[in-house]
Amino acid sequence: MLNNTLMIILILVVALGGLIYFVKKTTEDSDDIEEKELITVESLMQKVNETFAATIKRSVNDMNLNSEQYKKKMANKEELKSSIHKCADGDAAARAFVKQYTQDVITDERIGKVSPYNIDSIIPFNDPDKLKPRYKFEILTMLWMEEGERGFSKNFSRFGLDKPKKTRYGDVYDVTKEDITRVYEEYIEERGGIDYAEKIDFLTQLVYEKRFGLGPVDLLHEIEIDEYQGGTSGIPSGRYDITLHSQSDDDYPEDVSDYEKSLDEPRYSFEAVWIVFHGLNIHLSCTTFETQKELQRVTRNIYRYNAPTILTQKDPKIISTMKDGSRVAVMCPDFSDSFAFLCRKFDSTPSILPEQLLTTRKKEG
């Protein structure tokens, strides 16, 4: 009897030990999987790509739908397919549709898995030291747009971003990384932070613009500026074999500022983003295309709506218009050193009534 009891106890101990080992191993494997599935902007882009492709390719005939459901599914599928091709053409409806679809994917628990608990690990909204200057500028742009029709221009001027920097070369209009960090910290503190809905909107915008939209100039098309440009200055990356040389501090007089020294540093064309704001040509050195490839993608997409031909070495300069009437010029080698574009906004300046002009003239007289 005693031997049987000891045997039962031994079996229970072994079984318990096996169970503990199994639970521990399963937990470790689960942690490894979570670590491997770390959510990033790039992984979300991949999820969006896969979901969009699956939606477009999936046959509606296999879904066993009634007539009304079939028509709705087909219409949704065709609208998605069409909107992806038109969202970078100045088509506001297509842009809104693709952005909403993107947000649905990244917030779907089965796909994107973005939540209030992990969104700050994807984009460090509350840690300016870790946040890219491009992201700071775009977050500010989105928040200023929320303030109304002239929200961007009002705040851009309020924080002095349209003021020149005095240099030995003359006045330079440039919004630097240091400028945008200062303004970001001041403005976010002023408004008391960023809520989850605003964070999701920005994350959606980021995934959308990197995959389907116009990269770092995507939001510039939505705000009240006269023009925006990309790739119109700097050295084209990969086109020439160039040895870059930066001057040392000993090459400058003592009274030359660090900013003036930075103007002599070589920059690539994919780093060139410019705007024309109230007639001022302002360099946004706080934001850039991240690669030459991204600049080329945007240049090849932005002009397509009313294009007379395709941008190639045979036709290296094209002037076209977008669906909203904006005028676009794109160029590529050998017409220019780099891929580049200029987009003149349609009706970007505030409208002035004729009687207001007459009143102004009377006062001047």
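Rules of the game
Residues numbered from 1 in each chain as written. Predicted model: local features only at pLDDT ≥ 70, side-chain atom pairs only at ≥ 80, totals over all residues. Heavy atoms only, no water. Helix = DSSP H or I, 4+ residues; strand = E, 2+ residues; numbered from the N terminus. Polar contact = N/O pair within 3.5 Å; in protein donor to acceptor, adjacent residues only side chain to side chain. Contact = heavy atoms within 4.5 Å. Axes fitted to C-alpha atoms, helices over the stretch in contact; angles between N-to-C directions. Parallel < 35°, antiparallel > 145°, perpendicular 65-115°, else oblique. Nonpolar A, V, L, I, M, F, W, Y, C, P; charged D, E, K, R; others polar. Pairing = 2+ DSSP bridges. Buried < 20%, exposed > 50% of the residue type's maximum accessible area, 1.4 Å probe, protein only. Left-handed = near helix turned anticlockwise from the far one by under 90°.

**Student:** An account of the side chain of Glu 209 is needed here, citing residue identities and associated values.
**Tutor:** Positionally, Glu 209 belongs in helix α9 (residues 196-211). A polar side-chain atom of Glu 209 sits 2.9 Å from a polar atom in the side chain of Arg 134. In this structure, Glu 209 is in contact with Arg 134, Glu 138, Leu 214, Gly 215, Pro 216, Asp 218 and Arg 297, ignoring residues within four places of it in sequence.

**Student:** So what about the environment of Glu 294? Which residues, and what values?
**Tutor:** Assignment of secondary structure puts Glu 294 in helix α11 (residues 292-302). Considering only alpha carbons, one finds Glu 294 and Gly 215, 79 residues apart in sequence, at a separation of 7.2 Å. Residues contacting Glu 294, with those up to four places away along its chain left out, are Arg 134, Lys 210, Gly 215, Pro 216 and Phe 289. One polar contact links the side chain of Glu 294 to the main-chain amide nitrogen of Glu 290, over a distance of 2.8 Å.

**Student:** Mind laying out the packing of helix α6 (residues 133-145) against helix α7 (residues 151-158), listing which residues take part and the relevant values?
**Tutor:** Between α6 and α7, the least distance of the axes is 8 Å, while the angle of their chain directions is 125 degrees. On the basis of the axis angle, α6 is oblique to α7. For the pair formed by α6 and α7, the contact residues are Phe 137, Thr 141 and Trp 144 on the first element and Gly 151, Phe 152, Asn 155 and Phe 156 on the second. Residue classes in the contact of α6 with α7 are distributed as four nonpolar, three polar and no charged.

**Student:** Describe the side chain of Asp 162, naming the residues involved and giving the relevant values.
**Tutor:** Within the element layout of this structure, Asp 162 appears in the loop between α7 and β1 (165-167). A distance of 3.0 Å separates a polar atom in the side chain of Asp 162 from a polar atom in the side chain of Ser 157. Residues in contact with Asp 162, not counting those within four places in the same chain, are Phe 156, Ser 157, Tyr 173, Phe 277, Leu 280 and Ile 282.

**Student:** Residue-level account of the pairing of strand β5 (residues 280-283), with values.
**Tutor:** Note: strand β4 (residues 273-277) against β5, four bridges, orientation antiparallel. Pairing of Ile 275 across the sheet is with Ile 282, part of β5.

**Student:** Tell me about α7, and please be specific about residues and values.
**Tutor:** Those residues of α7 not exposed but buried are Gly 151, Phe 152, Ser 153, Asn 155 and Phe 156. Looking at the buried residues of α7, the elements they touch are α6, α8 (177-191), β4 and β5. With its phi angle positive at about 75 degrees, Gly 160 sits one or two positions after the end of α7.

**Student:** Quick one: what's the story with the environment of Leu 280, residue by residue and with numbers?
**Tutor:** Looking at the element boundaries, Leu 280 is found in strand β5. Sequence separation of Leu 280 and Glu 227 is 53 residues, and the distance between their C-alpha atoms is 10.0 Å. Once you skip the residues sitting within four places of it in the chain, Leu 280 turns out to touch Asp 162, Tyr 173 and Ile 275.

**Student:** Before we move on, can you summarise the environment of Ser 326 with the specific residues and values?
**Tutor:** The residue Ser 326 is located in the loop between β6 (317-321) and β7 (327-331) in this model. For Ser 326 and Tyr 303, which are 23 residues apart along the polypeptide, the C-alpha to C-alpha distance reads 9.9 Å. Among residues more than four places away in sequence, those in contact with Ser 326 are His 221, Ser 320, Thr 321, Cys 343, Arg 344, Lys 345 and Phe 346. Within the structure, Ser 326 has its side chain in polar contact with the side chain of Asp 324 (distance 3.0 Å).

**Student:** Tell me what's going on with the sheet that holds β6, and back it up with residues and numbers.
**Tutor:** Ordered in space as β5-β4-β3-β8-β7-β6, the six strands form an open sheet in which the pairing is antiparallel. Unpaired on one side and paired on the other, β5 and β6 mark the two borders of the sheet. Neighbouring strand axes in the sheet, compared pairwise and without regard to direction, differ in orientation by 15 degrees on average. Bridge count between strand β3 (residues 227-230) and strand β8 (residues 340-344): four bridges; the pairing is antiparallel. Bridging across to β8, Glu 227 finds its partner in Arg 344. Strands in contact with α11 are β3, β7 and β8; relative to β8, the strand with the most contacts, it is inclined by about 45 degrees.

**Student:** How would you summarise the packing of α6 against α9 if you had to cite specific residues and measurements?
**Tutor:** Between α6 and α9, the least distance of the axes is 11 Å, while the angle of their chain directions is 120 degrees. It follows from the interaxial angle that α6 and α9 lie oblique. Seen along the crossing, α6 lies across α9 with a hand that is right-handed. Here Arg 134, Tyr 135, Glu 138, Ile 139, Met 142 and Leu 143 of α6 come into contact with α9, specifically with Glu 198, Asp 201, Phe 202, Gln 205, Leu 206, Glu 209 and Lys 210. Across the contact of α6 with α9, the residue classes break down as six nonpolar, one polar and six charged.

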